[in-house]
Amino acid sequence: MANLVYKRVSTDQQSTARQDLVLAEAGIEDPVVFEEDGGTSSRLHPLQRPKFRELLTYARPGDTVHISEMFRLVRGTGHILDVLDVLHRD
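Residues numbered from 1 in each chain as written. Predicted model: local features only at pLDDT ≥ 70, side-chain atom pairs only at ≥ 80, totals over all residues. Heavy atoms only, no water.

Draft legend 1. Examining the packing of aromatic side chains more closely. In total, this model carries two aromatic pairs according to the counting rule given. Summarising the aromatic geometry, the rings of Phe34 and Tyr58 are spaced 5.6 Å apart at their centres and angled 65° between planes, so their arrangement reads as edge-to-face. Separated by 24 residues along the polypeptide, Phe34 in strand 2 (residues 31–35) and Tyr58 in helix 2 (residues 50–58) bring together distant segments of the chain. Since its relative accessible area comes to 4%, Phe34 is described here as buried. What makes Tyr58 partly exposed here is its relative accessible area of 41%. (Phe/Tyr/Trp six-rings, centres within 6.5 Å; stacked < 30°, edge-to-face > 60°. Helix = DSSP H or I, 4+ residues; strand = E, 2+ residues; numbered from the N terminus. Buried < 20%, exposed > 50% of the residue type's maximum accessible area, 1.4 Å probe, protein only.)

Below, the structure written as structure tokens:
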């Protein structure tokens, strides 16, 4: 079982330092990190983001997906339901 970490910032002037700190404090062992290029639009549906799609392709039953804050992945309930549908499909 793998620990999959997803990180994203809204602009290419931002860094993932705060996300790194939150995730490090969580004590995640042997993370497999999927980090979007800086500035990957938060307006994109999560399932359209390249690194999140890569994470979904990589993920296997029993893996755990870690995100520092939900807004790094989703913008509302519809996005949450879409992502949960894909994660629980298989």
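Draft legend 2. Region of interest: the nonpolar core. Ala2, Leu4, Tyr6, Phe34, Phe52, Leu55, Leu56, Leu73, Val74 and Val83 form the largest nonpolar core, which has ten residues in total. Mapped by element, the contributors of at least two residues to this core are strand 1 (3–7) and helix 2. (Core = buried A, V, L, I, M, F, W, Y, C linked by side-chain atoms within 4.5 Å.)

Draft legend 3. Local environment of the layout of surface pockets. Of the volumes computed, that of the largest pocket is approximately 400 Å³. Around the largest pocket, the lining is made up of 14 residues, and of these Ala59, Arg60, Val86, Leu87 and His88 lie nearest the centre. Of the residues assigned to the lining of the largest pocket, the class counts are seven nonpolar, two polar and five charged. Taken as a whole, the second largest pocket holds about 180 Å³ of empty space. (1 Å grid on protein atoms, 1.4 Å probe; cavity = no way out; pocket = protein on both sides within 12 Å on 5 of 7 lines; lining within 4 Å. Points joined across faces, edges and corners; volume = space filled by probe spheres on them. Nonpolar A, V, L, I, M, F, W, Y, C, P; charged D, E, K, R; others polar.)

Draft legend 4. Looking closely at the pattern of salt bridges. Applying the stated rule across the entire model yields five salt bridges. Among the salt bridges present, the one from Lys7 reaches Asp20, with a minimum N-O distance of 2.5 Å. On the criterion of sequence distance, the pair formed by Lys7 in strand 1 and Asp20 in helix 1 (residues 17–25) is long-range, its members being 13 residues apart. Judged by relative accessible area, Lys7 falls into the buried class, the value being 8%. (Salt bridge = Lys/Arg side-chain N within 4 Å of Asp/Glu carboxyl O.)

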